[in-house]
Amino acid sequence: NRGPGGMNNRGMGGMMNHGIAPLLDSSQGINELSIPPVLEKQQGEEFDYEVTAQQGSTEFFEGIPTDTYGYNGDLLGPIIRLQQGESVDVKITNDLDEPTTFHWHGLEVPGDIDGGPHGEIEPGASQIITLEADQPAATLWYHPHVHEATAEQVFKGLSGMLLIDEPTDSGLPNDYGIDDIPLIFQDRLFDENLQLNYKRLMDIDGTMGDISMVNGTLDPKLTITEPVMRFRLLNGANARNYTFRLSNGASFTQIASDGGMLKEPVETDTLTLAASERAEILVDFSTMTEEQSLALIDDEGAELLPFDVELGDSPVDSAELRTADEPFLSEQERAMPVTKKIELFGMAEMVTINGKTFDMDRIDLRQERGVTEVWEVYNKPDMMGGMIHPFHIHGTQFKIISRDGKETAPNEQGLKDSVLVEPDERVKLLVTFPEKGIFVFHCHILEHEDNGMMGQVEVY
Ligand code: C2O
Ligand code: CU
Ligand code: CU
């Protein structure tokens, strides 16, 4: 754990930087990265899994307890692992002192169990729901979605990953915790008492911290024992955009986007994820020696995750990467007319979608279940130029048709549920809802969402 030295120069940083995006400090590489446990199936109960939102305490700084929230624990949550095609009963329980919801981000479930703002569970209450993994293998996640309190609950620690596994061996690294590693990136601000005092530290335009944590670990490092590693990256921050690189400039291979495998793997040396976006990458350590140092860094050079390479003599079995057999979009899909228009606008508390702020009792759009439509999302700039908004739709995995008329980049040629939209950019999406219900769509800067940058689509 971070010693007292770290506290002095870091604890107060966020308060002085309030309002602007503070820089992330480099990891000191002191703590071995925590790997979230895989949630175990219950035996002899009337449900398969149990997920409880609860209060806890985490020792981020030596000897100092910080109040946190977690699922089945003090901070973050276990990995929920579903087999493709599987259906499981999950008991969700709220042990907090305030209402919460359980939202399965990216999972195509019916509106009534999607855990959006309509799905509040009162303190002390439980519910048993059925989750069906009726979609391609993917790295998804779960988090609360309470009306006007999502940002605070996530900030205090409520987030976890939800994986859908392919029924057959894909040939990709899949030894969980060994060569298949979840990486949840979040930035945090602590007050002078080293508490996550959201109400005081929050920024109405998107809370950013100067301290980086990965899987809830401050100053993490990861020991690498296998030559080819699969990392499942989640930008779980309230607001920050991350651009990832390797410190030696080497390239890596992106294999998946939010909702599953890319049409073809993409070799790249940089990867940007806006809040809530995911990617799976393969990193080749086989030519590294123990003396060389390597880290995952951000675009300002801050070390987010240093690696300690300790390769045994495990053979390098090169993963069979899939190649495309059909085009990402058919001619017909490319030619479809726009039928829904979304205009994102504003900053801070003045954020709107199509000129309106969120109203739980208003249906903004309607779409028929199973019918594909083209949504055009436009990020309207303001006099200051505007800002990036990550746009997310519940209940669907969509495809990006184009950005400002330009063909979808290879690393976005896969299923998506969130899309980074630059100021003045116009993004066309191919959207199908496989289930009925009321679903929200919103900016995934959580403060913008809480401020009402959200609407509702009724799928009938
Ligand atoms: Cu990550 Cu509305 O959700
Ligand atoms: Cu979601
Ligand atoms: Cu926004």
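On a predicted model such as this, the values are computed, not experimentally measured, just so you know.

### Looking at the overall build of the chain
- Looking only at helices and strands, the chain features six helices and 32 strands.
- A compact globule built from 460 residues would reach a C-alpha radius of gyration of about 23 Å, and the chain, at 21 Å, matches this within 12%.
- The dimensions of the chain, computed from C-alpha atoms along their principal axes, are 60 × 55 × 50 Å.
- Counting only residues that meet the buried cut, the chain has 49% of its 460 residues in that class.
- Put simply, 78% of the contacts in the chain that link residues at least 6 apart link residues at least 24 apart.

### Quick word on the UniProt feature "domain: Plastocyanin-like" (unreviewed entry) in the chain
- Annotation from UniProt places "domain: Plastocyanin-like" (unreviewed entry) at residues 57-167, 229-286 and 338-459.
- Annotated as 0% helix and 64% strand, the span residues 229-286 places its first and last C-alpha atoms 10 Å apart.
- Across residues 338-459 one finds 4% helix and 49% strand; the C-alpha atoms that close the span lie 18 Å apart.

### A closer look at the environment of tyrosine 460
- Mapped onto the secondary structure, tyrosine 460 falls in the segment after β32 (454-459).
- Between the C-alpha atoms of tyrosine 460 and phenylalanine 47, which are 413 residues apart in sequence, the distance is 29 Å.
- Once residues within four sequence positions are removed from consideration, tyrosine 460 is found in contact with Arg366, Glu368, Arg369 and Lys436.

### Examining the nonpolar core
- Counting 113 residues, the largest nonpolar core has Leu162, Leu183, Phe185, Leu233, Leu305 and Leu429 as its most contacted members.
- Ranked by residues supplied to this core, first place goes to strand β31 (residues 437-443) with five residues.
- Leave out the neighbours within four places in its chain, and phenylalanine 185 touches Val214, Leu233, Leu234, Asn235, Gly236, Ala237, Tyr242 and Leu304.

### Overview of the sheet that holds β32
- If you trace the five strands from one edge of the open sheet to the other, you get β24-β32-β31-β26-β29, paired in mixed fashion. The outermost strands of the open sheet, each flanked by one partner alone, are β24 (365-367) and β29 (418-421). Each strand axis lies, on average, 25° off the axis of its neighbour in the sheet, ignoring direction.

### Re the confidence of the model for the chain
- Mean pLDDT over the chain: 93, with 94% of residues reaching 70 or higher.
- Here residues 1-19 is a poorly scored stretch, pLDDT under 50, and it has 33 contacts once near neighbours within four places are set aside; other chains count.
- Across the interfaces of the predicted complex, the ipTM metric reaches 0.99, alongside a pTM of 0.95.

### Observations concerning the pairing of strand β20 (residues 294-297)
- Bridge count for strand β15 (residues 242-246) against β20 is two bridges, and the pairing is antiparallel. Within the sheet, the bridge partner assigned to leucine 246 lies in β20 and is leucine 296.
- Where β20 and strand β21 (residues 303-309) come together, four bridges link them in antiparallel fashion. The residue bridging leucine 294 from the neighbouring strand is phenylalanine 307, located in β21.
- The hairpin formed by β20 and β21 contains five residues between the paired strands, and glycine 301 there has a positive phi angle of roughly 90°.

### Structural notes on the pairing of strand β13 (residues 220-224)
- Most of β13 is tucked away, with four of its five residues classed as buried.
- For strand β1 (residues 31-32) and β13, the ladder comprises two bridges, and the chain directions are parallel. Across the sheet, glutamate 32 pairs through a bridge with lysine 221, a residue of β13.

### Quick look at the sheet that holds strand β18 (residues 271-273)
- The six strands lie next to each other as β1-β13-β21-β20-β15-β18, forming an open sheet whose pairing is mixed. Strands at the two margins of the open sheet, each flanked by one partner only, are β1 and β18.
- In this structure, β15 lies alongside β18, joined through three bridges in antiparallel fashion. Directly across from threonine 243, in β18, lies its bridge partner threonine 272.

### Some thoughts on the domain arrangement of the chain
- In terms of domain boundaries, the chain breaks down into domain 1 (4-23 + 31-165), domain 2 (180-309) and domain 3 (331-459).
- A separation of 24 Å is found between the C-alpha centroids of domain 1 and domain 3.
- At the interface, 19 residues of domain 1 touch 19 residues of domain 3.
- Element by element, the count of residues in the side of domain 1 that touches domain 3 is highest for helix α3 (residues 150-155), at three residues.
- Looking at side-chain class alone, the side of domain 1 that touches domain 3 contains seven nonpolar, eight polar and four charged residues.

### A look at unusual backbone geometry
- Even without being a glycine, leucine 76 presents a positive backbone phi close to 55°.
- Residue position: leucine 76 is located in the loop between β3 (64-71) and β4 (80-83).
- Assessed through the 28 C-beta atoms surrounding it within 10 Å, leucine 76 is described here as buried.
- At alanine 348, a residue that is not glycine, the phi angle is positive and equals roughly 50°.
- Of the residues examined, alanine 348 has 13 C-beta atoms within 10 Å and is grouped as partly exposed.

### Observations regarding the environment of methionine 387
- Mapped onto the elements, methionine 387 comes out in the loop between β25 (373-380) and β26 (389-393).
- Take methionine 387: there are 23 C-beta atoms within 10 Å of it, and that puts it in the buried class.
- Separated by 40 residues in sequence, methionine 387 and methionine 347 have C-alpha atoms that sit 7.5 Å apart.

### A short note on the environment of leucine 24
- Turning to its location among the elements, leucine 24 is positioned in the loop between α2 (13-16) and β1.
- A tally of 23 C-beta atoms within 10 Å means that leucine 24 is categorised as buried.
- A sequence separation of 257 residues divides leucine 24 from isoleucine 281, and the C-alpha atoms of the two residues are 22 Å apart.
- Those residues in contact with leucine 24 that sit more than four places away from it in its chain are Asp187, Asp210, Ser212, Asp298 and Ala302.

Cut-offs and rules
- Residues numbered from 1 in each chain as written.
- Chains lettered and ligands numbered in written order.
- Predicted model: local features only at pLDDT ≥ 70, side-chain atom pairs only at ≥ 80, totals over all residues.
- Helix = DSSP H or I, 4+ residues; strand = E, 2+ residues; numbered from the N terminus.
- Rg over C-alpha atoms; globule rule 2.2 N^0.38 Å.
- Buried ≥ 20, exposed ≤ 12 C-beta atoms within 10 Å, placed from the backbone.
- Contact = placed C-beta atoms within 7 Å.
- UniProt positions renumbered as here; feature names shortened; annotations may be inferred.
- Core = buried A, V, L, I, M, F, W, Y, C linked by C-beta atoms within 7 Å.
- Pairing = 2+ DSSP bridges.
- Axes fitted to C-alpha atoms, helices over the stretch in contact; angles between N-to-C directions.
- pLDDT = per-residue confidence, 0-100.
- Domains from an automatic or database assignment.
- Nonpolar A, V, L, I, M, F, W, Y, C, P; charged D, E, K, R; others polar.

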